[in-house]
Structure formats: C-alpha cells, structure tokens
Amino acid sequence: VSAHPRASQIGADILKKGGNAFDAAVAVHFALQVVFPEAGNIGGGGFAVIRTSEGELASLDFREKAPQSASRDMYLDGDGNVVSQKSRFGHLAAGVPGSVAGIWELHQKYGALLWKELVAPSIGLSYFGYPLTELAAKNFNDKQEAFSEANIGYTPWVVREGGWSAGDSVTQKELAATLGYIADKGRDGFYKGIVADQIVKEMQRGRGLITQEDLNSYEPVWRDPLIGQYRGKKVISMPPPSSGGVALIQLLKGAEKYNMQEFGHNSTKSVHVMTELERRVYADRATYLGDPDFVQVPVDDLICDAY
C-alpha cells in the first residue's frame, strides 16, 4: 500500500521476485520519489518502524538534521521577530537529507535482493515517464508560482505554461541520472560525488548552509520503538524525535475511556470527544515533544494511564 498506484505495483513486483518486506519498502520509497514528489523524497528524511518475522522490534530515525552552521536565531529578523517563510521556503528551510542514508541502512541490515534491483524500477519511471494522477496535477498547478519564485534564474520542470492535467506524461531525466548514481554506489552515490557537489553548489548559490561535511557526517539512528496498549492490543510506533508515536498512544488511551462504538461513527458526540482529545495531545506535542538528542522528553509520563 502506498500513496500512488505505480509505486504500489513496484512493491508488489519486488515481492513476487522473491524480495522481502524491506526490499519492497526500499523500492516503493524510491518510486514515490518519482511519482509522488509532494511527499516521496530523497531530499528529505523519514522514520521506519519494523517488526521482523523473528519478532524483532526496532525503529530507525533518518529524519533531516540541521546543518552544523545552523544557529538559534537564523529565522529571526534584525528586531528578533520570526520570519516564518525563512523556515518554510528556500535554501535555509532545507535540512541535511537523511532519506537515502536511512533506506540504505534498512536494506543493508534486512534486505534480501540486490540494491540495484530495487532502485532500477524508479530509474525507468523517471526516464520514460508516467501519467499524472488528478491529485498530482492539482498539486503541481497550485504551486506553480511558488516553484518559480524558489528557482530564480531557471525554470524547473514542474512549472508548465498552461498548467498540468490528469494523464499528462512526466519525465525527469535529471532525476533518473541521480537515481542511477544511487543505484550504482548506494548512499555514496548521493552523499558524495557529483550529486553531493551539485547540492553544495546550489546551497552556496542560494546562501544555504548545507556543506559537504554535513553530508559526510549524516548517520541514521536506531532507536527503541515506542510500545503502548490499547484495549488489550499492543501498539508499536515511532519514538521521538517523531511526535507521532506519543500522540497516537495518547489519543488511543484517551479514546479507551469512552464507548466510541456506542457514540456512532462521525456522530456529534464522537467528533466532540475526538476533538477534545486531539486538542490536549497537540498541546502536549507543542510543549514537550522535541529531539531527544537535545532535550529531555518525558515520554513515560505522557503515555502513562494515570496521566
């Protein structure tokens, strides 16, 4: 299952070839980079929560990291006020990408098929093209102005006069070349060599902060997964720096105190209870959740029954 039918098909094909679930995840991840660029990524990061056939539980944190030269006040103006767009748009908004390193780590530890076999379908997709879904066409069209503004000096492929329609074919030969380097050299195909050189040059051009040293030093982190209980069922989720696992378990524990089934799906009462639960969870998220490498997150307190 994924956010795009072509990516899901690639994952299914990998399983039919004898690949395991980790191989399928690797292949789907790279396919989404091509067909679902709104969220699929090699320029960002992510998390993996796993349970092996032997029952081993683990989670992998390959979230983007701040460049080494990032500073506390980098998103403030001269008067100390937050410039919100600086953290959302342009070169200073980018973190050091963790995606390729994380997926490589996952494959090295648990994969069965060759790495090249898993990246190859995505190279073909980007080189020969794929048809846009209705949602993708809409998302591209909604962001035409933003893409033009962010890429001063040249026009990125996503900007198209007259806009995009469902069924339009998209080819990305530069992306195919990038994926080719990754297929040939693994994580080094992204964090070193020509791809890394291009990232660093673009950062220098746009006054960004990511350097070759940032790329060299990036490492994903294995963490103990967050485990909770809901109506007698075990819930395995992602610990901080993701807020998702804590939020999920808090929501479930809160909902457990009510007979949600009796309220009825999307009834006034069930929506009211869920809204109030979510308000409290998000208040905790804003107050307590952060990167455990830098702050103490009171996870046990936040998900305990008494709380």
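To be clear, the structure that these remarks concern was listed above.
All values derive from a computational prediction rather than experimental measurement.

Undergrad: What is the right way to look at the sheet that holds strand E2 (residues 57–62) in this model?
TA: Sheets are built from strands that pair by backbone hydrogen bonding, the pairs being arranged parallel or antiparallel. Sheet architecture is open: three strands sit in the order E1-E2-E5, paired in antiparallel fashion. Single-partner strands in this sheet number two, and they are strand E1 (46–51) and strand E5 (221–223). Strand-to-strand, the axes of this sheet are offset by a mean angle of 25°, without reference to chain direction.

Undergrad: Hey, could you run me through the packing of aromatic side chains in this one?
TA: In this description, a pair of aromatic rings is defined by centroid distance and the angle of the planes. Taken as a whole, this structure holds eleven aromatic pairs when the rule is applied. A centroid spacing of 4.7 Å and a plane angle of 20° characterise the contact between Phe22 and Tyr110, whose relative ring orientation is stacked. Of the two residues, Phe22 sits in helix H2 (residues 21–35) while Tyr110 sits in helix H3 (residues 99–110), which places them 88 residues apart along the sequence. Overall, the relative accessible area of 14% leaves Phe22 in the buried class. Its relative accessible area of 12% is what places Tyr110 among the buried residues.

Undergrad: Looking at this model, I keep getting lost on the pattern of salt bridges. Mind explaining?
TA: By the definition in use, this model includes 13 salt bridges. Put simply, Glu117 and Lys17 hold a salt bridge, and the shortest N to O gap is 3.2 Å. Of this pair, Glu117 sits in helix H4 (residues 115–128) while Lys17 is found in the loop between helix H1 (5–16) and H2, placing the two residues 100 residues apart along the sequence. Relative accessible area serves as the criterion here: at 28%, Glu117 is assigned to the partly exposed category. Put simply, Arg72 and Asp73 hold a salt bridge, and the shortest N to O gap is 3.1 Å. In this structure Arg72 comes out as exposed when scored by relative accessible area, which is 76%. Looking at Asp73, the relative accessible area reads 39%, which means it is partly exposed. One network of salt bridges, in which partners are shared, links Asp61, Arg223 and Asp293.

Reading guide: rules and limits
Residues numbered from 1 in each chain as written. Predicted model: local features only at pLDDT ≥ 70, side-chain atom pairs only at ≥ 80, totals over all residues. Heavy atoms only, no water. Pairing = 2+ DSSP bridges. Helix = DSSP H or I, 4+ residues; strand = E, 2+ residues; numbered from the N terminus. Axes fitted to C-alpha atoms, helices over the stretch in contact; angles between N-to-C directions. Phe/Tyr/Trp six-rings, centres within 6.5 Å; stacked < 30°, edge-to-face > 60°. Buried < 20%, exposed > 50% of the residue type's maximum accessible area, 1.4 Å probe, protein only. Salt bridge = Lys/Arg side-chain N within 4 Å of Asp/Glu carboxyl O.

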